[in-house]
Amino acid sequence: EEALKKNIDIGFDLQPTYVNGERFLLRDMIDNLVDNAIRYSPEGSAVTVSCVQIEGHGVLKVEDDGPGIPESEKDKIFSRFYRLDRSQPGSGLGLAIVRDIAKLYGGNFTLDESPMGGLEARLELPRAQ
């Protein structure tokens, strides 16, 4: 719904991938990442969500062509209650929660520059056996 309001082109490239974890927590991580991409991208942007299996891991990427994260903010972005844009709704817990859940399940969560020009949120979790 928010993507429609902002005329954001949201695309999906999803392959079946199985990882260990509590369904609710995994869904919460995905919701946080997609919501952030839509929330912080300007009107008319593009967001792509992909899921693949790479070298024994399930890899979820949420990429956008938005403004990204300024270099000066990258150290702060994982701090609890820190929000990049205080005019946006939210508690500032989303990325900290994603990172903590990824660690709980033996995974890794990173933020980097997207090939689309904005931000790439990458979540890697070990594949289920």
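Quick caveat: nothing in here was measured; it's all calculated off a predicted structure.

**Q** Explanation requested: the sheet that holds strand E1 (residues 9-14) in the structure shown.
**A** Sheet strands associate in pairs through backbone hydrogen bonding, adopting either a parallel or an antiparallel arrangement. The strand order across the open sheet formed by five strands is E1-E2-E3-E5-E4, and the pairing between neighbours is mixed. A single partner strand is all that each edge strand has here, and the edge strands are E1 and strand E4 (108-113). Between one strand and the next, the sheet's axes are offset by a mean angle of 15°, whatever the strand orientation. In terms of strand pairing, strand E3 (residues 57-64) meets strand E5 (residues 119-126) through seven bridges, oriented antiparallel. Counterpart to Val59 in the pairing with E5 is Glu124. Sheet strands touched by helix H2 (residues 23-40): E1, strand E2 (46-54), E3, E4 and E5. Its angle to E3, the strand with the most contacts, is close to 20°. Against the sheet, helix H3 (residues 94-104) contacts E4 and E5, and its axis sits at roughly 135° relative to E4.

**Q** How do you make sense of the pairing of E1 when you look at a structure like this?
**A** Along a regular strand, successive side chains alternate from one face of the sheet to the other. Where burial is concerned, little of E1 is hidden: zero out of the six residues are buried. Relative to E2, E1 is paired through six bridges, and the arrangement is parallel. Bridge pairing links Asp13 to Ser50 in E2. In this region the chain leaves E1, passes through H2 and returns to the parallel neighbour E2; the handedness of that crossover is left-handed.

**Q** Mind showing me how you'd approach H2 here?
**A** An α-helical turn contains 3.6 residues, so any two residues separated by three or four positions project in the same direction. Taking 1.5 Å per residue as the helical rise, H2 with its 18 residues ought to reach 26 Å, and the 26 Å between its terminal C-alpha atoms agrees with that figure. Between the side-chain oxygen at the start of H2 and the backbone nitrogen of Phe24 there is a gap of 2.6 Å, and the oxygen is on Glu22.

**Q** Is there a simple way to explain unusual backbone geometry in this structure?
**A** Glycine aside, residues mostly have negative phi angles, and peptide bonds mostly take the trans form. For Asn7, which is not glycine, the phi torsion reads 55° and is therefore positive. Its place among the elements puts Asn7 in the loop between helix H1 (2-5) and E1. Despite not being glycine, Glu55 shows a phi value in the positive range, around 45°. Among the secondary structure elements, Glu55 is positioned in the loop between E2 and E3.

**Q** Quick question: what am I supposed to make of the packing of H2 against H3 here?
**A** The angle between the axes and the distance between the axes are what describe a pair of packed helices. Two numbers describe how H2 lies on H3: the axes approach to 10 Å, and their chain directions differ by 145°. The element H2 and its partner H3 pack so that their crossing is left-handed. Judged by residue contacts, Leu25, Asp28, Met29, Asn32, Leu33 and Asn36 of H2 engage Gly94, Leu95, Ile97, Val98, Ile101, Ala102 and Leu104 from H3. Residue composition of the contact of H2 with H3, grouped by class: nine nonpolar, three polar and one charged.

**Q** Is there a simple way to explain the pattern of salt bridges in this structure?
**A** Throughout the structure, instances matching the rule amount to four salt bridges. For Lys5, the salt bridge goes to Glu2, with nearest N and O atoms at 3.1 Å. Linking Lys5 with Glu2, this pair stays in helix H1, spanning three residues, or about one helical turn. On the basis of relative accessible area, Glu2 is assigned to the partly exposed category, the value being 40%. Arg99 is the partner of Asp100 in a salt bridge, and the nearest nitrogen-oxygen pair spans 3.6 Å.

How each quantity is defined
Residues numbered from 1 in each chain as written. Predicted model: local features only at pLDDT ≥ 70, side-chain atom pairs only at ≥ 80, totals over all residues. Heavy atoms only, no water. Pairing = 2+ DSSP bridges. Helix = DSSP H or I, 4+ residues; strand = E, 2+ residues; numbered from the N terminus. Axes fitted to C-alpha atoms, helices over the stretch in contact; angles between N-to-C directions. Contact = heavy atoms within 4.5 Å. Buried < 20%, exposed > 50% of the residue type's maximum accessible area, 1.4 Å probe, protein only. Right-handed = clockwise from strand over helix to strand, strands pointing away. Expected span 1.5 Å × (residues − 1). Polar contact = N/O pair within 3.5 Å; in protein donor to acceptor, adjacent residues only side chain to side chain. Left-handed = near helix turned anticlockwise from the far one by under 90°. Nonpolar A, V, L, I, M, F, W, Y, C, P; charged D, E, K, R; others polar. Salt bridge = Lys/Arg side-chain N within 4 Å of Asp/Glu carboxyl O.

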